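This is what each chain is made of:
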Amino acid sequence: MATTFTDSKSELMRRAQDRLTAQEVELGLTTRQKLALTCRALFDAGHDSGLAGQITARAEEAGTYYTQRLGLGFDEITEDNLLLVDEDLNVLHGEGMANPANRFHSWIYRARPDVQCIVHTHPFHVAALSMLEVPLIVSHMDTTPLYDDCAFLPNWPGVPVGNEEGEIITAALGDKKAALLAHHGQVVAGASIEEACSLAVLIERAAKLQLTAMAAGQVKELPEELAREAHDWTLTPARSRANFAYFARRALRHHPDAINQ
């Protein structure tokens, strides 16, 4: 016999979150493995644009992080070919050099101690939306993890290899989880690799939805209170880990060479 039909929505939500956390299974992946699988998952999700874009994650020693080697596409990243670099992009471990555009990652890490992983890419629909110089509009339930959490940089500062671009992009991002960069792409600043991967996949979907809706009419805004409720419900560490587990399983099916198993 059912016993929950008179329970409040808040109580049902709390119980569901507790159950999700309780049923989690630890994947046992290292930081390098998570980063490599994120690269493959993003490649499959349309984030490939040649050699453009960077992904980084804080390493064990302060002021260092892992990133991909310049010259490799996201579909070629493995746990073994990732580089360990310092804030000046000096390679501490690995072969090759880091993308010079990683400099703005160093600026974000310095300004945001809460950020553990940064994904910067130029996926097709995000790039197309950025050309219109309009902010990302979160107007669908599926994209609410980005509600009021995606900043907008309306002016392109040029190729982001200087400290000036680091300051500009970091200031535009502020305390948000993501930013749409006009005439450029997107940047996600996640509290974990799992969160960064999930939001990076989502921002491209959100841009595609927005462009499609704009072609048909005027995009309508979500009710603020309900949108914030949905944001908080969907953007939790447990939900990000569950999303990432799915992306990781799918990436491993398509790219078994990404990690050493």
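Along each chain, residue indices are assigned from 1 in the same order as the chain's sequence is written. With the structure being a predicted model, the display of local features is reserved for residues of pLDDT at least 70 and the display and counting of side-chain atom pairs for 80 or more, all residues being used for whole-chain, interface and lining totals. Neither water nor hydrogens contribute to the side-chain values; these are computed over all heavy atoms in the structure.

Under an unreviewed UniProt entry, the protein has the name Aldolase and belongs to Mycobacterium asiaticum. UniProt positions are given in the numbering used here, feature names are shortened, and annotations may be inferred rather than shown by experiment. The UniProt entry for the protein carries the following comment under Sequence similarities (unreviewed entry): "Belongs to the aldolase class II family."

Time to look at the pattern of salt bridges. Every case where a carboxyl oxygen of Asp or Glu lies within 4 Å of a side-chain nitrogen of Lys or Arg is listed as a salt bridge. By the definition in use, this model includes 13 salt bridges. Residues R14 and E11 are paired through a salt bridge, measuring 2.7 Å at the closest nitrogen-oxygen approach. Note that R14 and E11 are positioned in helix α1 (residues 9-22) at a spacing of 3 residues, about one turn of the helix. Three labels apply to residues, based on accessible area from a 1.4 Å probe with only protein chains included: buried if under 20% of the type maximum, exposed if over 50%, partly exposed otherwise in between. Classification of R14 by relative accessible area gives partly exposed; the value is 42%. Given a relative accessible area of 24%, E11 falls into the partly exposed group. When the shortest N-O distance is used, the salt bridge between R228 and D148 registers 2.9 Å. Separated by 80 residues along the polypeptide, R228 in helix α7 (residues 224-234) and D148 in the loop between α4 (124-130) and β6 (150-153) bring together distant segments of the chain. Each of E11, R14, R15 and D18 takes part in one network of salt bridges that share partners. In DSSP terms, a helix is any run of H or I states spanning at least four residues, a strand is any run of E spanning at least two, and both are numbered starting from the N terminus.

Moving on, we get to the pairing of strand β3 (residues 83-86). The alternating pattern of β3 places L83 and V85 on one face and L84 and D86 on the opposite face, and all of these are buried. Strands are treated as partners if at least two bridges between them are detected by DSSP. Bridge count between strand β2 (residues 64-67) and β3: 4 bridges; the pairing is antiparallel. Counterpart to Y65 in the pairing with β3 is V85. As judged from the 2 bridges shared by β3 and strand β4 (residues 91-93), these two strands associate in the antiparallel manner. Residue pairing across strands places V85 opposite V91, the latter belonging to β4. From the end of β3 to the start of β4, which pair antiparallel, there are 4 residues, and L89 there has a positive phi angle of about 70°.

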